[in-house]
Amino acid sequence: MRVGVLAVQGAFARHGAALAELGAEPCFVRTPADLAGVRALVMPGGESTAMSRLLLTSGLFDAVQERLDAGMPVFGTCAGMILLAGEVLDGRPDQRSFAAIDLTVRRNGYGRQVDSFEQDLTVAGLDSPFHAVFIRAPVVIRVGPQAEVLAEHEGVPVLVRQGGVTVASFHPELTEDHRLHAQFLQEVG
Ligand code: GLN
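Presented here is an overview of the structure given in this document. (Residues numbered from 1 in each chain as written. Predicted model: local features only at pLDDT ≥ 70, side-chain atom pairs only at ≥ 80, totals over all residues. Heavy atoms only, no water.)

1. Details of the sheet that holds strand β2 (residues 25-29)
- Across the sheet, seven strands lie side by side as β2-β1-β3-β4-β12-β11-β10; this open sheet has mixed pairing. Edge positions in the sheet fall to β2 and β10 (148-153), since each has one partner strand and no second. For this sheet, the mean inter-axis angle between neighbouring strands, taken without regard to orientation, is 20°.
- As paired strands, strand β1 (residues 2-6) and strand β3 (residues 40-43) are joined by three bridges and run parallel to one another. (Pairing = 2+ DSSP bridges. Helix = DSSP H or I, 4+ residues; strand = E, 2+ residues; numbered from the N terminus. Axes fitted to C-alpha atoms, helices over the stretch in contact; angles between N-to-C directions.)

Below, the structure written as structure tokens:
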């Protein structure tokens, strides 16, 4: 199965490796033509303001929006979560998001002194904890009524799903544990 990894900026390589290890065929998406060939998309961590800008200048933004509106499954991690959220606080004024999930997030919301941390999470559907790496992560401020919280850290949602849209505020591609990518592939079918 061909699964795209948005590759305009950020931590896309390790997502590709995780998908390949699970038997999917990763395809790095940089143009609308790349996107046309994939069944689902991963949006990696990185810098959401830079990604937003590059998505707009490459002509990819509208193409991705069209596929998302048509129901393409997507897994957004960290900056990817920001790009998919309905409302972004502390973003740049010109930063765009796809509003694919009813969520309010605050960029860099975990604050400077704890820019990065690691935490074992209890995740719905997994029978043992998932070791999560948070890097200048967004904080989820509000979750819409249609969205399902799959994991929390100190009472704050960190893994959320709404239909075919799954978002994590951490980086699941940075460890050897690929269970969240496997769950995503299972949903894609
Ligand atoms: N702070 C970044 C942003 O605003 C996200 C960090 C990450 O993806 N690791 O886009």
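2. Considering empty space enclosed by the protein
- Under the counting rule described, the total for this entry stands at one cavity of 30 Å³ or more.
- Computed from the structure, the largest cavity encloses a volume of approximately 60 Å³.
- Forming the boundary of the largest cavity are Phe75, Leu150, Leu159, Arg161, Thr166, Leu180, Gln183, Phe184 and Glu187.
- Elements with a contribution of two residues or more to the lining of the largest cavity: β11 (156-162) and α6 (179-188).
- Broken down by element, the lining of the largest cavity gets its largest block of residues, four residues, from α6. (1 Å grid on protein atoms, 1.4 Å probe; cavity = no way out; pocket = protein on both sides within 12 Å on 5 of 7 lines; lining within 4 Å. Points joined across faces, edges and corners; volume = space filled by probe spheres on them.)

3. Let's talk about the pairing of β11
- Taking burial as the measure, the seven residues of β11 include five buried ones, the bulk of the element.
- Examined bridge by bridge, β10 and β11 share five bridges and lie antiparallel to one another. Paired with alanine 151 across the strands is leucine 159, a residue of β11.
- Remark: two residues form the turn of the hairpin made by β10 and β11, two consecutive strands paired antiparallel; glutamate 154 in that turn has positive phi of roughly 50°.
- Bridging between β11 and strand β12 (residues 165-168) involves four bridges; their strand directions are antiparallel. Residue pairing across strands places arginine 161 opposite threonine 166, the latter belonging to β12. (Buried < 20%, exposed > 50% of the residue type's maximum accessible area, 1.4 Å probe, protein only.)

4. Considering the sheet that holds strand β5 (residues 85-89)
- Reading across from one edge, β5-β6-β9 is the order of the three strands in this open sheet, with mixed pairing throughout. Whereas interior strands pair on both sides, the edge strands pair on one side only; in this sheet they are β5 and β9 (139-143). Neighbour-to-neighbour, the strand axes of this sheet turn through a mean angle of 25°, independent of strand direction.
- Relative to β9, strand β6 (residues 101-106) is paired through four bridges, and the arrangement is antiparallel. Residue pairing across strands places arginine 106 opposite valine 139, the latter belonging to β9.

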